[in-house]
There are 2 protein chains.
Amino acid sequence: MNNFTDELRRHNLKATPQRLAISSALHNYGHVSIDTLYEMMLGEFASISLATIYKNINIMLENSYIQEVKIPQNKTVYELTKSSHSHLVCVDCKSVEDVSVDVDEIVNKLNLDDTFLISKADLVISGVCKNCN
Amino acid sequence: MNNFTDELRRHNLKATPQRLAISSALHNYGHVSIDTLYEMMLGEFASISLATIYKNINIMLENSYIQEVKIPQNKTVYELTKSSHSHLVCVDCKSVEDVSVDVDEIVNKLNLDDTFLISKADLVISGVCKNCN
DNA sequence: GATTAAAGGATAAAGATTATATTTTAAGTT
DNA sequence: AACTTAAAATATAATCTTTATCCTTTAATC
Ligand SMILES: [Mn+2]
Ligand SMILES: [Mn+2]
Ligand SMILES: [Zn+2]
Ligand SMILES: [Zn+2]
């Protein structure tokens, strides 16, 4: 069961129908851009405002309920916050999939001879997915 | 010596004064956003058009003369194309610096048990630089 | 059920990027 | 060195994209 109501409240976000729908969309599709999210929402809420999408994406980001993934040469996508992972992006069909990479391992090697205090590492791997070759 | 004229031509780009200035700016400052690049150019070319900046950035990207670096929570920056490397971004002062990371090593591990054909990997490490802590 | 701060909707405003039309120029040719 | 021309620069309009504002609606608390 997916209780997005509780999860939203845990992040200090009121559980509105629009936010529950956004939660479901991200849960079901994984990585979604503003545009496609808006189109999806229009299916459920014929009169939803694009401003509502933007405002929610922003506050959800601030409250770490969701995270953004910036894609090279493409639109930024958003996903529900989950444990640290990296991304595979298909340059052909633009699909984004999760991949578990031990980024910490690489990052730790650096940290030793550096005074830079690392807080996170974003890795996006581009290529051609199995459906596109 | 930096012969940007030849380097531009090697990438099928006419060597205009504006492009030479953009080249110098990227060479001297490393990683520059559209905004700051425009401001810099205004110093040299009082009447340069913002459209010129955009058109040049785009064609330079297409011709691989420069590359873009998408920064989490911040503006995209551009740099002259150089050998593969990763980036350290300070969440405080927003400075971007190059760092050599063997991303291929990690990536190769994945490739073995995956049908995804990798073409490149972008790694951006966020944290606090030595000047900001 | 009443109260209220927060959120949604409609739309304007602001910001960012691209397109269009005209002038200027880099680079090749005579 | 002047001639030619396609490409680039400029100015500005047009087109997104994102945020702000105002008013209405509602989720959460009592
Ligand atoms: Mn993901
Ligand atoms: Mn760099
Ligand atoms: Zn694909
Ligand atoms: Zn710093």
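A quick note: this is a predicted structure, and the numbers were derived from the prediction, not measured. (Residues numbered from 1 in each chain as written. Chains lettered and ligands numbered in written order. Predicted model: local features only at pLDDT ≥ 70, side-chain atom pairs only at ≥ 80, totals over all residues. Heavy atoms only, no water.)

What follows concerns the domain arrangement of chain A. Residue and element names in this part refer to chain A. Here the domain parsing of chain A yields domain 1 (4-80) and domain 2 (86-132). Using C-alpha coordinates to define each centre, domain 1 is positioned 23 Å away from domain 2. When the area that domain 1 buries against domain 2 is broken down by residue, the three leading residues are His31, Ile71 and Asn74, summing to 58%. At the junction of domain 1 and domain 2, the tally comes to 0 salt bridges. Along the contact surface separating domain 1 from domain 2 lie 4 residue pairs in polar contact (both at pLDDT 80 or more). Its residues placed into classes, the side of domain 1 that touches domain 2 shows 3 nonpolar, 2 polar and 2 charged. (Domains from an automatic or database assignment. Buried area = accessible area lost by both parts, 1.4 Å probe. Salt bridge = Lys/Arg side-chain N within 4 Å of Asp/Glu carboxyl O. Polar contact = N/O pair within 3.5 Å; in protein donor to acceptor, adjacent residues only side chain to side chain. Nonpolar A, V, L, I, M, F, W, Y, C, P; charged D, E, K, R; others polar.)

Residues and elements named next belong to chain A. If you trace the 3 strands from one edge of the open sheet to the other, you get S1-S3-S2, paired in antiparallel fashion. A strand with exactly one partner marks an edge of an open sheet, and here the two such strands are strand S1 (32-33) and strand S2 (66-69). Here S2 runs beside strand S3 (residues 77-80); their pairing, made up of 4 bridges, is antiparallel. Bridge pairing in S3 links Ile66 to Leu80. Packed onto the sheet, helix H4 (residues 50-62) meets S2 and S3 and runs at close to 105 degrees relative to S2. (Pairing = 2+ DSSP bridges. Helix = DSSP H or I, 4+ residues; strand = E, 2+ residues; numbered from the N terminus. Contact = heavy atoms within 4.5 Å. Axes fitted to C-alpha atoms, helices over the stretch in contact; angles between N-to-C directions.)

This part is about the protein's contact with DNA strand C. Taken together, 20 residues sit near DNA strand C, with Thr16(A), Gln18(A), Arg9(B), Ala15(B) and Tyr54(B) positioned nearest. Here the atoms of DNA strand C within 4 Å of the protein split so that 77% fall in sugar or phosphate, with bases taking the remainder. Residue Lys14(A) places a side-chain N or O atom 3.4 Å away from a sugar or linking oxygen belonging to DNA strand C. Measuring from a base oxygen of DNA strand C, one finds a side-chain N or O atom of Lys55(A) at 3.1 Å. Elements with a contribution of two residues or more to the surface near DNA strand C: helix H2 (17-29) and H4 of chain A together with helix H4 (50-62) of chain B. In the surface near DNA strand C, the residues fall into 7 nonpolar, 7 polar and 6 charged. (Near = heavy atom within 4 Å.)

Take the coordination of the manganese ion (ligand 1) next. Residue and element names in this part refer to chain A. For the manganese ion (ligand 1), the full set of protein donor atoms is His31 (NE2), Glu79 (OE), His85 (NE2), His87 (NE2) and Asp98 (OD), at a range of 2.0 to 2.3 Å. Given a relative accessible area of 5%, His87 falls into the buried group. Residue classification places Asp98 among the partly exposed residues on the basis of a relative accessible area of 32%. (Donors = N, O, S within 2.8 Å, 3.2 Å for Na, K, Ca; no water. Buried < 20%, exposed > 50% of the residue type's maximum accessible area, 1.4 Å probe, protein only.)

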